[in-house]
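# Architecture and fold: a report
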Amino acid sequence: MEQQSALSNGGPATRHFRNTAYVINESRTCYDAAHAAGLMAVHGRSTSGRAFALGTGLVDGRPQVTDFVRCSYLGLDNHPMIVAGAIEAIQAHRSLHWSCARTRLSFDFLAELEAALSEMFCAHVLAFSTVMLANLGAMPLLASGQLTGGVKPLVVFDRIAHISLAYHKPVIADETQVETIAHNDIDTLERLCSKHPVVAYVCDGVYSMGGNAPVKQLRQLQERYGLFLYIDDAHGISLFGRQGEGFARSQFPRVLGDRTIIAASLAKGFGASGGMLMLGTADHEALFRRYSIPYAFSVAPNLAAVGAALSSCKIHRSAELGERQGRLAERIKVFDRRIASAEQGNSLPIRMISIGSEAKAIAIAKQLLDAGFYTSVTFFPTVAQGRAGIRVCITADHAVRDIERLCDRILETIPDTTRQAVGPP
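Residues numbered from 1 in each chain as written. Predicted model: local features only at pLDDT ≥ 70, side-chain atom pairs only at ≥ 80, totals over all residues. Heavy atoms only, no water.

This part is about the packing of helix H4 (residues 131-144) against helix H10 (residues 282-291). As a packed pair, H4 and H10 sit with axes 11 Å apart at the nearest point and diverge in direction by 115 degrees. One finds that H4 runs roughly perpendicular with respect to H10. Once H4 is placed against H10, the crossing between them reads as right-handed. In this structure, H4 uses Gly137, Ala138 and Leu141 to contact H10, whose residues at the interface are Leu287, Phe288 and Tyr291. (Axes fitted to C-alpha atoms, helices over the stretch in contact; angles between N-to-C directions. Helix = DSSP H or I, 4+ residues; strand = E, 2+ residues; numbered from the N terminus. Parallel < 35°, antiparallel > 145°, perpendicular 65-115°, else oblique. Left-handed = near helix turned anticlockwise from the far one by under 90°. Contact = heavy atoms within 4.5 Å.)

Listed below in structure tokens is the structure:
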């Protein structure tokens, strides 16, 4: 929630983008209830596929739970090649990380990784320890005008852009004007483009609570007005494209250009760890390598993460990637034939089951966990108050029978909010 207050000298109103105390006060009861129900801060150990042993201590005797929370949509996080790559990288360097800025000294394996990712995604790719750090490093540079010909842009956020993007609004507002518009509101965005010399739009490619950005329409605005696009495709990478270019990158031409940046995860569909930025020009790459604060002053991705990502690159360049993309698509259809949702019929792996009441959503998630299915209960501030729900992440590694069993349990538990979907058997 943005707040406005007039300056004491009678100048223009100043916007405040922080509301930490309000968020804590409004959400504390729900967090307490979810923790008390055993739905948050859950510990476990992977066993096979999407199953894990719930709890800590000796594995024998722990309850086995099927996980629909992790975002490893292609099921690569447990892949033996990726695990082996992490171990081999540590053994090669006899270290986990080097304690110095990467502007001074960095791993040779990290250079190999960035070169491989750049070739795969036809962009100038920089790797970071997390997507949050990648976004943190990009936002001040975007606001400064250094990416838009020296002209500071009006920076427009989609209202439900991920918190790893929206968190940086105060930093951007210290440099330039910030606006927030309704979700996927192309008409308002075009109006702003027509009124301002330079506009930058910040959004997700695939949204963590379901749905996606209208990339085709955004590209049309880019062509018409020179709109700068900053798209965080953390949940879309690897799921589409011959080499896993992702939801967003696969909809742009081979040359990304100087008006687009795509952030993405190396930890979700990619199956390793870390984040990356796909930049369109060598000039932008040089700028980020010198002036992106997390790049210059935060630790580089550790060797286990780098080794795992290098192994994932090999999988992305093999026929196995397409096989896993196909298996994921089949499993999404299995869910959609049984459960109706707002996302039904799209090709994305996130499904939201709307509940409404926070207390009811927590109780339902607890029932599902007791039945052996761990799902994400979502409530404010992740979603609006009174719009709590259950998030289900479908992966290529889920057994079809496990998806069917989850659907049966959902239909038994919340028949008033789901219905039998119409479709082929």
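Here the narrative resumes, following the displayed structure.
Turning to empty space enclosed by the protein, a few remarks are in order. It is a probe the size of a water molecule, rolled over the atoms, that shows where empty space is left. What the rule picks out here adds up to three cavities of 30 Å³ or more. Around the largest cavity sit His97, Trp98, Cys100, Arg102, Leu105, Ser106, Phe107, Val299, Ala300 and Pro301, which together line it. Taken together, the residues that form the lining of the largest cavity break down as seven nonpolar, two polar and one charged. (1 Å grid on protein atoms, 1.4 Å probe; cavity = no way out; pocket = protein on both sides within 12 Å on 5 of 7 lines; lining within 4 Å. Points joined across faces, edges and corners; volume = space filled by probe spheres on them. Nonpolar A, V, L, I, M, F, W, Y, C, P; charged D, E, K, R; others polar.)

Turning our eyes to something else, we now look at unusual backbone geometry. Between Phe380 and Pro381 the backbone carries a cis peptide bond, its omega angle lying at 10 degrees. Assignment of secondary structure puts Pro381 in the loop between strand E15 (376-378) and strand E16 (388-393). Phi angles above zero are rare outside glycine, and Arg94 is one such case at about 55 degrees. Taking relative accessible area as the criterion, Arg94 reaches 74% and is therefore assigned exposed. (Buried < 20%, exposed > 50% of the residue type's maximum accessible area, 1.4 Å probe, protein only.)

A separate point is a nonpolar patch on the surface. There is a patch of nonpolar side chains on the surface, built from Met132, Ile163 and Tyr167 and spanning about 290 Å² of accessible area. Mapping Ile163 onto the fold places it in helix H5 (residues 163-166). (Patch = residues over 30% accessible without salt bridge, like charges linked within 9 Å, V, L, I, M, F, W, Y side chains within 5 Å. Areas by Shrake-Rupley, 256 points an atom, 1.4 Å probe, with all protein chains shown as cover. Salt bridge = Lys/Arg side-chain N within 4 Å of Asp/Glu carboxyl O.)

For the rest of this paragraph, the subject is the pattern of salt bridges. Note that side chains of opposite charge can pair when their charged atoms are close. Using the criterion set out here, one finds 20 salt bridges in the structure. In this structure, Arg224 engages Glu190 in a salt bridge whose closest nitrogen and oxygen atoms are separated by 2.8 Å. Here Arg224 is found in helix H8 (residues 215-225), whereas its partner Glu190 is found in helix H7 (residues 186-195), with 34 residues between them in sequence. The partner of Arg219 in a salt bridge is Glu223, and the shortest N-O contact between them spans 3.5 Å. One end of the pair is Arg219 and the other is Glu223, both in helix H8 and four residues apart, which spans about a single turn. On the accessibility criterion, Glu223 (60% relative accessible area) is exposed. In this structure, a network of salt bridges that share partners links the residues Arg50, Asp67, Arg70, Asp77, Arg327 and Asp397.

What follows covers the packing of helix H3 (residues 108-121) against helix H12 (residues 303-316). Geometry of a packed helix pair, given as the angle between the helix axes and the separation of the axes. Put simply, H3 and H12 touch, their axes get as near as 10 Å, and they point 30 degrees apart. Comparing their axes, H12 and H3 come out roughly parallel. For the pair H3 and H12, the sense of crossing is left-handed. Where H3 abuts H12, its residues Phe109, Leu110, Glu112, Leu113, Ala116, Leu117 and Met120 lie against Leu303, Val306, Ala309, Leu310, Cys313 and His316. Looking at the contact of H3 with H12, its residues break down into eleven nonpolar, one polar and one charged.

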